[in-house]
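Residue strings, one per chain:
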Amino acid sequence: RACKKHSVRRTFAAQITFCTRASASASLTAPLSHTPSTCMRTHGLLPRGPARAGHCHQNGAGRQRGAHSTHGGDAGKCRRVAEHRDPSVRDDRARPGPLRLAQLGRERAPARKGRLALLLLLHAVDAVNLYDVVRRPPPRRSAPSFFEVPASNGTLVQVPKLIYATAHKRHRTAELVKKAFDAGFRGVDTAHGERKRYNESAVGEALVDGVFVQLKVHYTASSSGDAGRRCYAAARRGLDELGVARVGGLLLRGPSEEARQTSKLTDDDVAAWRALQRLVKEGRTDLIGVCNFPPPLLEELLRLDGPRCSLHQTRLRADRAFNGEDRALAEKHGVVLQAPGLVTTNAPALRRSSALSALAAKRGATPERTLLAFALRLGVVAVVGSASPKHVLDDLGAVELAASLSPSDIDGVLAAHPDRHKPDTRRGMRRGPKK
C-alpha cells in the first residue's frame, strides 16, 4: 500500500532521517515506542487504523499508553484495543520516538515491519544508483593509435601513429624516454653508429614491455664489397646496445651516393638490404624498411624478392605538397610512411600558412598539434621528440584531433600548399664547385 505513492522511496528515506535525528539525544535504553510502521502512519505513508493482531508486543517499557490486550478467545490471538479514534491518544502515540536504524532488526521491533523498512531503503538506494547510471554520459571511445602493418610471416604488426624520437637527447635520453612512455607514447626511434646524436644504451634502460622499438642502421660503401657484412654486424651491435633480442622495425639509412646520382641501386645497396632480410628470417625484427630513399630507388627495392619493405622514413615538407609522390607510392605498395622532425621541418609553414592557422582556430588546437593531426590523417606516422612535458601532451592529443578532421579540412590544407620545389638538374645531391 505504501508503494502506491509516487515518491514513497524518497519520502520514507527523508522521514527515517528526521526520526533518527530527533532521537539522537535519547538514551540507548529508551523504549521502542516509535516503530517503522508508526513512522509511516504518522507521515501518511500507511493508512491509519487498528493494528494487526500479530503486531501486539507489549512487555515492560514497550507497552503502549492508553491500550490494553486481551489474550484468549476461540482464535487464541492477541487483539489490540486501541483508542485510535481519540485524537489526543492518537497524537500522543504518533509522537516521534527514539527510532534508530540499528534497532530495526531487534526483538522490540516487529520483524515484518523491519523488513519492510529495510526493503524500502534498498529500493531508494537502487533508484538513486539507477538515476546516476542514466545521467552518466556514455564512455568516450578513443581513436585507434596504431597502424596495422602486415609482416612477412603473415601476422599484423601494430605500429604506433606517434613514435618518440631520441635524437639529440644525450645524457637525458633515459629520463625523457621514460617520461614519454608515462605520458602515453608506445613507440621509440633510435639509431646505431651515431654517437653524437643517439644513445642506444640509455634507450635500452628506459624500455618497458609492450612498446614498439625501431632501430636504424647505416653503412658506408667501400671497395672491399662487404657492405652486407658490415650492415649485419651494425644491426647486431645495435640490438646488444639496446639489451633486446628483437625489435619491431629495422631501417636502412639512405642509399649510397652512387645510387643517388645514377637513380639505380648499387651492389652495396642490395647487399645491405639482403642483410636486413636475413635478420627478418632469424627473428631479430618484425618489419624492415629504409630511410630517405627517392621514389625510383624505393620502387626498385620493392621489386626485389624476399621479405618486403614495409616502412619508409623521410621528411614530410609542406613546400613539396607534403611529399605527394612519396605518399602515392607508399599507398600503392602498402608501405607505411614515417615523417621525422615534422614540426621543426615545417616551422616556416606553421608561421605563414593561413590554412593551418584557420584549421587550428576552428578546432581549438595549437598549430603544431593540427599539423601532426593532418599528417596522421594522411596515413603518415609522426616521429616527434619534444623534451617539454607540455609539448609531449600536446603531441599526443593529435591522435584524437586527427579522428575529427573531415576530408574537406584535408583538401583545404593540401590545396594551400602546392609543390614549389625546384629539382636540381645537376647530377648528385651535393653542391660544390664544378671540376
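Residue numbers run consecutively from 1 along every chain, following the written order of its sequence. Thresholds applied to this predicted model are a pLDDT of at least 70 for local features of residues and 80 or more for the giving and counting of side-chain atom pairs; totals over whole chains, interfaces and linings are not thresholded and use all residues. In computing side-chain properties, one takes all heavy atoms of the structure into account and sets aside hydrogens as well as water.

Regarding its fold elements, the chain presents 18 helices and 12 strands. Relative accessible area decides the class of each residue, using a 1.4 Å probe on protein chains only: under 20% of the type maximum gives buried, over 50% gives exposed, and in between gives partly exposed. Across the 435 residues that make up the chain, the buried fraction comes to 43%. Two residues qualify as a contact provided that any one of their heavy atoms is within 4.5 Å of a heavy atom in the partner residue. Restricting the contact set of the chain to residue pairs at least 6 apart, pairs at least 24 apart contribute 71%. Approximately 24,500 Å² of the chain is accessible, and the part contributed by carbon and sulfur atoms is 51%. A run of H or I in DSSP counts as a helix once it spans at least four residues, and a run of E counts as a strand once it spans at least two, with each numbered from the N terminus. The accessible surface values rely on the Shrake-Rupley method and a 1.4 Å probe; as for residues, cover is taken only from the protein chains in view.

Right, let's get into empty space enclosed by the protein. Here the term cavity refers to a set of points on a 1 Å grid, laid over the protein atoms alone, in which a 1.4 Å probe fits but cannot get out; the term pocket refers to an open set having protein on both sides within 12 Å along at least five of seven lines, with lining residues being those that place an atom within 4 Å of a point. Grid points are joined across faces, edges and corners, and a volume is the space filled by probe spheres set on the points. Under the defined criterion, the tally for this structure stands at one cavity of 30 Å³ or more. In this structure, the largest cavity spans a volume of roughly 50 Å³. What lines the largest cavity is Ala 151, Ser 152, Val 280, Asp 286, Leu 287, Ile 288, Pro 307, Arg 308 and Ser 310. It is strand S9 (residues 285–291) that contributes the most residues to the lining of the largest cavity, three residues altogether. Here the lining of the largest cavity is composed, by residue class, of five nonpolar, two polar and two charged. By the convention adopted, Pro, Cys, Tyr, Trp, Phe, Met, Ile, Leu, Val and Ala count as nonpolar, Lys, Arg, Asp and Glu as charged, and the other residues, Gly among them, as polar.

Our next topic: the sheet that holds strand S12 (residues 380–384). The pairing criterion is simple: DSSP has to find at least two bridges between the two strands. Reading around the barrel, the eight strands line up as S5-S6-S7-S8-S9-S10-S11-S12 and close back on themselves, with parallel pairing between neighbours. The mean angle between the axes of side-by-side strands here comes to 25 degrees, regardless of whether they run parallel or antiparallel. Judged from the two bridges that link them, strand S5 (residues 162–165) and strand S6 (residues 187–191) form a sheet pairing that is parallel. Its bridge partner being in S6, Ala 165 is matched across the sheet by Asp 189. Angles here are taken between N-to-C directions and fall from 0 to 180 degrees, while the axes themselves are lines fitted to C-alpha atoms, restricted in helices to the stretch in contact. Against the sheet, helix H9 (residues 267–281) touches strand S7 (212–217), strand S8 (247–253) and S9, its axis set at about 165 degrees to S9. Most of the contacts of helix H15 (residues 367–377) go to S12, to which it runs at about 145 degrees, and overall it touches S5 and S12.

Below, the discussion takes up the nonpolar core. By convention a nonpolar core is built from buried Ala, Val, Leu, Ile, Met, Phe, Trp, Tyr and Cys residues, the set being connected through side-chain atoms within 4.5 Å. Counting residues in each nonpolar core, the largest one holds 73 residues, and the members touching the most others are Phe 185, Leu 276, Val 290, Leu 316 and Leu 342. Excluding residues that lie within four positions of it along the chain, Val 290 makes contacts with Leu 251, Leu 252, Trp 273, Leu 298, Leu 301, Cys 309, Leu 311, His 312 and Gln 313.

Here we come to the confidence of the model for the chain. Of the residues in the chain, 65% have a pLDDT of 70 or more, and the chain-wide mean is 76. Every residue gets a pLDDT, meaning the predictor's confidence in that residue, from 0 to 100. Here residues 39–109 is modelled with pLDDT under 50, and outside its nearest four sequence neighbours on either side it reaches 111 contacts, counting other chains as well. Between residues 424–435, whose pLDDT stays under 50, and residues either more than four places distant or in other chains, the model counts nine contacts.

Only centres within 6.5 Å qualify two rings of Phe, Tyr or Trp (six-membered ring in Trp) as a pair; their planes then separate them into stacked at under 30 degrees, edge-to-face at over 60, and tilted for everything else. Applying the stated rule across the entire model yields two aromatic pairs. Here the aromatic rings of Tyr 164 and Phe 185 are separated by 5.4 Å at their centres, their planes lie at 70 degrees, and the arrangement is edge-to-face. Separated by 21 residues along the polypeptide, Tyr 164 in strand S5 and Phe 185 in the loop between helix H5 (173–183) and S6 bring together distant segments of the chain. With a relative accessible area of 1%, Tyr 164 lands in the buried category. When the ring centre of Phe 147 is taken as origin, the NZ or CZ atom of Lys 161, which lies over that ring, is 5.2 Å away. Directly above the aromatic system of Tyr 232 lies the positively charged group of Arg 278, at a separation of 3.9 Å from the ring centroid. As a reminder, the over-ring test applies to NZ of lysine and CZ of arginine, requiring each to be within 6 Å of the ring centre and within 35 degrees of the ring normal.

Now for the side chain of Asn 346. Summarising the element assignment, Asn 346 is placed in the loop between helix H12 (342–345) and helix H13 (347–352). Polar contacts involving the side chain of Asn 346 include one to the main-chain carbonyl oxygen of Leu 342, which spans 2.8 Å. Apart from residues lying up to four places away in sequence, Asn 346 is in contact with Leu 316, Arg 317, Ala 318, Phe 322 and Leu 371. Nitrogen and oxygen atoms within 3.5 Å of one another constitute a polar contact, given that in protein one can donate a hydrogen and the other can accept it, and given that sequence-neighbouring residues count only through two side-chain atoms.

Along S6, five of the five residues are buried, which leaves the element largely enclosed by surrounding structure. Every second residue of S6 is oriented toward a common face, with Gly 187, Asp 189 and Ala 191 on one face and Val 188 and Thr 190 on the other, all of them buried. Handedness is read with the strands pointing away from the viewer; a crossover is right-handed when the path from the first strand over the helix to the second is clockwise. Once the chain exits S5 it traverses H5 before rejoining the sheet at S6, and the crossover so formed is right-handed. Pairing analysis gives five bridges linking S6 to S7, with the strands arranged parallel. Bridging across to S7, Val 188 finds its partner in Val 213.

This paragraph deals with the environment of Asp 240. By the secondary structure assignment, Asp 240 is in helix H7 (residues 227–242). Overall, Asp 240 belongs to the exposed group, its relative accessible area being 59%. Along the backbone, Asp 240 and Ser 201 are 39 residues apart, and their C-alpha atoms lie at a distance of 8.6 Å.

Turning our attention to helix H18 (residues 407–415). For H18, the complete set of buried residues consists of Asp 409, Ile 410 and Val 413. For H18, the arc enclosing every buried residue in end-on projection is 95 degrees, short of the 170-degree limit, so these residues lie on one face. Within H18, the exposed residues directed more than 90 degrees away from the buried face are Pro 407, Ser 408 and Ala 415. On the buried face of H18, the contacting elements are helix H14 (354–363) and H15. The directions considered for the arc run from the helix axis to the C-beta atoms.

What follows concerns the environment of Leu 302. Residue position: Leu 302 is located in helix H10 (residues 295–302). Note: C-alpha distance between Leu 302 and His 333 (31 residues apart in sequence) is 8.2 Å.

Whenever Lys or Arg places a side-chain nitrogen within 4 Å of a carboxyl oxygen from Asp or Glu, that contact is recorded as a salt bridge. For the structure shown, the criterion picks out 16 salt bridges. The salt bridge partner of Asp 226 is Arg 229, with a shortest N-O separation of 2.7 Å. For Asp 409, the salt bridge goes to Lys 362, with nearest N and O atoms at 3.3 Å. Of this pair, Asp 409 sits in helix H18 while Lys 362 sits in helix H14, placing them 47 residues apart in sequence. Under the relative-accessibility criterion, Lys 362 is labelled exposed at 55%. Residues joined by salt bridges that share partners form a network here, namely Arg 172, Glu 175 and Lys 179.

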